[in-house]
Amino acid sequence: MKVLVLGAGIIGTSTAWHLLERGHEVTVVDRQASAAQEASFANAAQISVSYCEPWANRQAPVKLLKWMFRKDAPLLFRPQPDWQQWRWGLQFLAQCNDSAFERNVQQLVALGAYSHASLDEMVRATGIEYHRLQCGIAHYYSDPASFEEAAKGAELMRKFGVQRKVLSRDELLAVEPAFRSFADRIAGGTYTPTDETGDAQVFTEQLAARCAARGAQFLFGHDVERLDLAGGAVAAVAVRDRASGTVRRLKADQVVVACGSYSAPLLRTVGVDLPIYPGKGYSATFKLKRPELAPRVSAIDDAVKVAMSRLGDELRVAGTIELAGFDLSLDTPVARARCRMLAERIEQVLPGVCDTRMAEDGGNPRFWAGLRPATPTNIPYIGRTRVGRLWVNAGHGTLGWTHGAGSGKAMAQLISGQRPGIAFDFYGFEPQREQLATGLA
Ligand SMILES: Cc1cc2nc3c(=O)[nH]c(=O)nc-3n(C[C@H](O)[C@H](O)[C@H](O)COP(=O)(O)OP(=O)(O)OC[C@H]3O[C@@H](n4cnc5c(N)ncnc54)[C@H](O)[C@@H]3O)c2cc1C
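Everything quoted here is computed from the prediction, not taken from an experiment. Within each chain, residues carry numbers counting from 1 in the order of the written sequence. Restriction of local features to residues with pLDDT of at least 70 applies here, the model being predicted, together with a cutoff of 80 or more for giving and counting side-chain atom pairs; totals for whole chains, interfaces and linings are based on all residues. The side-chain figures draw on all heavy atoms in the structure; neither hydrogens nor water molecules are used.

Attention now moves to the packing of aromatic side chains. How two aromatic rings sit relative to each other is given by the distance of their centres and the angle of their planes. Only rings of Phe, Tyr and Trp enter the pairing, Trp through its six-membered ring, and a pair is recorded when the two centres are within 6.5 Å. The plane angle decides the type: under 30 degrees is stacked, over 60 is edge-to-face, the rest tilted. Per the stated rule, a full pass over the model turns up 15 aromatic pairs. Judged by centre distance (5.4 Å) and plane angle (15°), the ring pair of Trp 88 and Phe 92 falls under stacked. Remark: Phe 92 and Trp 88 occur in helix α3 (residues 83-94); sequence separation between them is four residues, near one turn of the helix. In this pair, the class of Trp 88 matches that of Phe 92, namely buried. Each ring, one from Tyr 130 and one from Phe 203, has its centre 5.1 Å from the other, and the planes form 70°; the classification is edge-to-face. One end of the pair, Tyr 130, is in the loop between α4 (98-126) and β5 (137-141); the other, Phe 203, is in helix α7 (residues 200-213), with 73 residues separating them in the sequence. Whether a residue is buried, partly exposed or exposed follows from its accessible area with a 1.4 Å probe, protein chains only, as a fraction of its type maximum: under 20%, in between, or over 50%, in that order. Judged by relative accessible area, Tyr 130 falls into the buried class, the value being 2%. A residue is classified by how much of its surface remains accessible, and Phe 203, at 1% relative accessible area, is buried. Through pairs of rings, three or more aromatic residues link up here, namely Trp 88, Phe 92 and Tyr 277. Counting as a charge over the ring demands two things of the Lys NZ or Arg CZ atom: a distance within 6 Å of the ring centre and an angle within 35 degrees of the ring normal. Sitting above the plane of the Trp 17 ring, Arg 214 keeps its charged end 4.5 Å from the centroid. Numbering of helices and strands starts at the N terminus; helices are DSSP runs of H or I of at least 4 residues and strands are runs of E of at least 2.

This is how it looks when you write it as structure tokens:
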């Protein structure tokens, strides 16, 4: 079959790879000049199967209110005159209870485990090198009450088969001695040894090159302008070449929308209305001054909800989420406060390890903002829409790198008429949990 994949982030590129594996003819369209230039560009680098809890939980509404006026708040809702944002917010609030939380965690763990196995297969098959470190993820707490809560969280995760160890401060420092200078501020932590890290942009770009070598066509520098329908199915996709302005109508047997946060407005034009809203996040990439003192275990700093991962001779520090539309600027007061917070925090936690000087002081940190395609549940939409020949693989929120390999594989399987054997509710298909339970999958 001829399949058109719209979007060359981690999700679209992984979809393309798995479609090629199944013998399909693949064309990928992206407005950027190369793969992974938007949300997949400079994320926190964590393959975080075991830390996958969604933001929507019982405590979230109170925290949201408390944080609303703090520029550097971990989760910031900035009201806009936009119905989509308000609707998304209401749907998010509806997920802030224990039963929804547990249901969402179950889905995210299932997809995460499937995806981790798929990533392993892809790395073995391609030999791609992307600063992969299989050292696990540690989550450390400064507040004793939050550490106590974390132990309960670990208990819940065990119910879903996730091995998350609860560690005293000394045990945590034995796992990652790099945090020694910050020890008096650490109450304790948790650790998931099977999680890992790697550069999503490098991986995706290399994967796109492998796809091209296997015959996939990449139309970079092309905007998807329109989905043309006929008889309730996609008849063509209109794309505009950014360089020449020429518009072409591409035809295919199947079309996959993998445009990240931009999937929702595109799908809405053909009556498919999904609650995917941009969640702006920031990252800073610092050169290591003292590589021998830098962590190899990736970490989450609970007090500021910031993740840090080593990528070769650099440290990527990323986090926070701001629900305020599609703005990507780095020069607003909120953005500046968030970037400064990342640099200041890393200097407190790992003093003297990175070059955290700002540009005006002669430093060279690379700040970046990206839009997580967030859903109220943090569960992506992977499956078929009610428009004929039109599929969606989007809404991966905070976990698109973690779930990328498996989401691409699952999408390719569904298009090929196979049902992936995981307890995950694929969009447009009847729920699979019951089927698996009764052995029908
Ligand atoms: C600060 C931050 C930290 C993160 N940390 C992690 C982490 O540690 N672990 C993790 O698992 N996830 C993390 N994420 C989330 C992860 O990066 C995203 O979920 C993931 O990159 C989404 O991939 P995607 O392919 O759906 O979207 P994208 O990478 O945005 O890809 C969509 C593509 O579609 C193209 N496109 C869109 N509209 C059009 C159009 N009209 N025409 C043509 N092309 C179009 C874009 O150019 C883009 O290339 C983080 C995100 C952020 C912002």
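There's plenty left to go through after this.
Right, let's get into the domain arrangement of the protein chain. Boundaries of every domain are those given by an automatic assignment or by a domain database. The assigned domain composition of the protein chain is domain 1 (2-40 + 202-276 + 377-437) and domain 2 (49-82 + 132-196 + 277-374). Taking the mean C-alpha position of each, domain 1 and domain 2 sit 29 Å from one another. With 16 residues of domain 1 at the interface, the matching set in domain 2 holds 13 residues. What counts as buried area is the accessible surface, traced by a 1.4 Å probe, that two parts surrender upon association, with contributions from both included. Between domain 1 and domain 2 the total buried area reaches about 1200 Å² when both faces are included, carbon and sulfur atoms providing 64% of it. Its residues assigned to classes, the side of domain 1 that touches domain 2 comprises six nonpolar, nine polar and one charged. Contact definition: two residues touch when any of their heavy atoms are within 4.5 Å. The classification used treats Ala, Val, Leu, Ile, Met, Phe, Trp, Tyr, Cys and Pro as nonpolar, Asp, Glu, Lys and Arg as charged, and all other residues, Gly among them, as polar.

This part covers the nonpolar core. The set of buried Ala, Val, Leu, Ile, Met, Phe, Trp, Tyr and Cys residues whose side-chain atoms join them within 4.5 Å is what this entry labels a nonpolar core. Grouped together as the largest cluster of nonpolar side chains are 53 residues, with contacts concentrated most on Val 26, Phe 203, Cys 211 and Phe 426. Breaking this core down by element, the ones donating at least two residues are β1 (2-6), α1 (10-21), β2 (25-29), α4, α5 (144-159), α7 and α10 (400-415). The greatest single-element share of this core, amounting to nine residues, is contributed by α4. Each of domain 1 (2-40 + 202-276 + 377-437) and domain 2 (49-82 + 132-196 + 277-374) accounts for three or more of the residues forming this core. Sequence-distant contacts of Phe 203, that is, excluding residues within four places in its chain, are made with Ile 10, Leu 119, Met 122, Val 123, Ile 128, Tyr 130 and Trp 401. Counting 37 residues, the second largest nonpolar core, distinct from the first, contains Ile 186, Val 306, Cys 354 and Ala 369.

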